[in-house]
Amino acid sequence: MARSRVRAVTRRVGTGLVVLWAAATAAYLALLAAPGDTVDAIVGDGADTPQIRAEIIAEWGLDRPAVVQYLDYLRRLAGGDLGRSYLLHRPVAEVIGEQLAPTVTLAVAAAGLGVLLALVVAVATAGPRRRWLHRASSGVELLLVSTPGFLIGIVLLTVFSFRLGWFPVAGDQGPAALVLPAVTLALPVAGLLAQVLRDGLDKALDEPFVLTARARGVRERVVLVRHALRHALLPAVTLAGWLFGALLGGAVIVEQVFGRPGLGQVTLAAVTSKDMPVVLAVVTLSAAVYVVVNTAADLAYLLVDPRLRRS
């Protein structure tokens, strides 16, 4: 038993490392293929002479073959060295570390709100007696999932900031400034999770253990929350990796719409200026979060479904 668990953990770690390598490599190749010259990006608006260009090429090792630069990048990445920003001339770890907290705060708030909304909606609309609620909710959820995040943000800004004046238009000053960005990110997540949870609940309500609970006289609400919901959580837990990936990707756009600090501002500036070390670090960080969250989801299966512990 212990040996099989060690093998499973080793296999999972190995898979995670392969995902990190693939993500970093894909980002590296995409940036190399992008139009523009790296030396131009480093020079920026500063003095531009042949001597300065030669010094830049020598300092950054840009005269080496692409394969050698790629292998050096992987070696530094494996050692935890994210490099130095072309644009800011500072360590990338320092640049990202300064902007990580606002993005994490936004993503966590949006995740919590999205999961809460999905649970409430799914429980309220599941079951054969709520067919009309089911249809109405499905229509709204489909609309939320299909609508681009920036459009949801603009609508929320127009209504609750420009017209009603309830929340700040931009910035990161206080909890009120977090409400609209978090809602913007949470609504599409809640729409998809609610659909998955409700389908799982409807299937669970037809299972024999639910019929047994009803035969014992357990109230329908208790059957739904205590018995069927736990069974329906497994498909939703599978979406955990997608959930955090969508939140990180959506945060880049939402932070631009609401003028918030965070990785969105850093990523956009790095992409437009071809600041390769920063872009590669953001991609690698996103892949690492994806791997960690999916590993945690695998462990969560054991908590949600005790039958998996025996298997």
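Residues numbered from 1 in each chain as written. Predicted model: local features only at pLDDT ≥ 70, side-chain atom pairs only at ≥ 80, totals over all residues. Heavy atoms only, no water.

Visitor: Please explain the pattern of salt bridges as it appears in this structure.
Guide: A side chain of one charge can pair with a side chain of the opposite charge if their charged atoms are brought near each other. Taken as a whole, this structure holds 4 salt bridges when the rule is applied. Linking Asp-72 and Arg-75 is a salt bridge whose minimum nitrogen-to-oxygen distance equals 2.4 Å. One end of the pair is Asp-72 and the other is Arg-75, both in helix H4 (residues 66–78) and 3 residues apart, which spans about a single turn. We classify Asp-72 as buried; its relative accessible area is 16%. By relative accessible area, which is 53% here, Arg-75 ends up exposed. For Arg-76, the salt bridge identified is with Asp-72, shortest N-O distance 3.2 Å. Of the two residues, Arg-76 and Asp-72 are both situated in helix H4; the distance of 4 residues between them amounts to about one turn of the helix. Judged by relative accessible area, Arg-76 falls into the partly exposed class, the value being 25%. (Salt bridge = Lys/Arg side-chain N within 4 Å of Asp/Glu carboxyl O. Helix = DSSP H or I, 4+ residues; strand = E, 2+ residues; numbered from the N terminus. Buried < 20%, exposed > 50% of the residue type's maximum accessible area, 1.4 Å probe, protein only.)

Visitor: Is there a simple way to explain helix H7 (residues 149–163) in this structure?
Guide: With 15 residues, H7 should cover 21 Å at 1.5 Å per step; its first-to-last C-alpha distance of 20 Å lies within 8% of that length. Most pronounced at Leu-157, the bend in H7 amounts to some 35°. Of all the positions in H7, only Ile-152, Gly-153, Leu-156, Leu-157 and Ser-161 are classed as buried. Looking one or two residues past H7, Gly-165 carries a phi angle of roughly 70°, positive in sign. (Expected span 1.5 Å × (residues − 1). Bend = angle between axes of the 7 residues up to and from the residue.)

Visitor: Could you clarify how one ought to interpret the environment of Ala-118 in this entry?
Guide: Tracing the sequence through the fold places Ala-118 in helix H5 (residues 92–125). Placed 75 residues apart in sequence, Ala-118 and Leu-193 show a C-alpha to C-alpha distance of 5.6 Å. The residues touching Ala-118, leaving out its near neighbours within four places in the chain, are Ala-190, Leu-193, Ala-194 and Leu-197. (Contact = heavy atoms within 4.5 Å.)

Visitor: Just to check I follow, could you spell out a nonpolar patch on the surface for this structure?
Guide: Among the surface-exposed residues, Phe-150, Leu-151, Ile-154, Val-155, Val-159, Leu-164, Trp-166 and Ile-253 lie close enough to one another that they form a single nonpolar patch of about 720 Å² accessible area. Per-element tally for the nonpolar patch: the top contributor is H7, with 5 residues. Mapped onto the fold, Trp-166 is located in the loop between H7 and helix H8 (176–204). Look at Trp-166 and you get exposed, because its relative accessible area is 56%. (Patch = residues over 30% accessible without salt bridge, like charges linked within 9 Å, V, L, I, M, F, W, Y side chains within 5 Å. Areas by Shrake-Rupley, 256 points an atom, 1.4 Å probe, with all protein chains shown as cover.)

Visitor: Explain the UniProt feature "transmembrane region" (unreviewed entry) in the chain here, please?
Guide: The UniProt record marks residues 12–34, 104–127, 139–162, 174–194, 233–258 and 278–304 with the feature "transmembrane region" (unreviewed entry), using the residue numbering of this structure. Helix makes up 92% of residues 139–162 and strand 0%, with an end-to-end C-alpha separation of 28 Å. From the first C-alpha to the last, residues 174–194 spans 30 Å; its make-up is 90% helix and 0% strand. (UniProt positions renumbered as here; feature names shortened; annotations may be inferred.)

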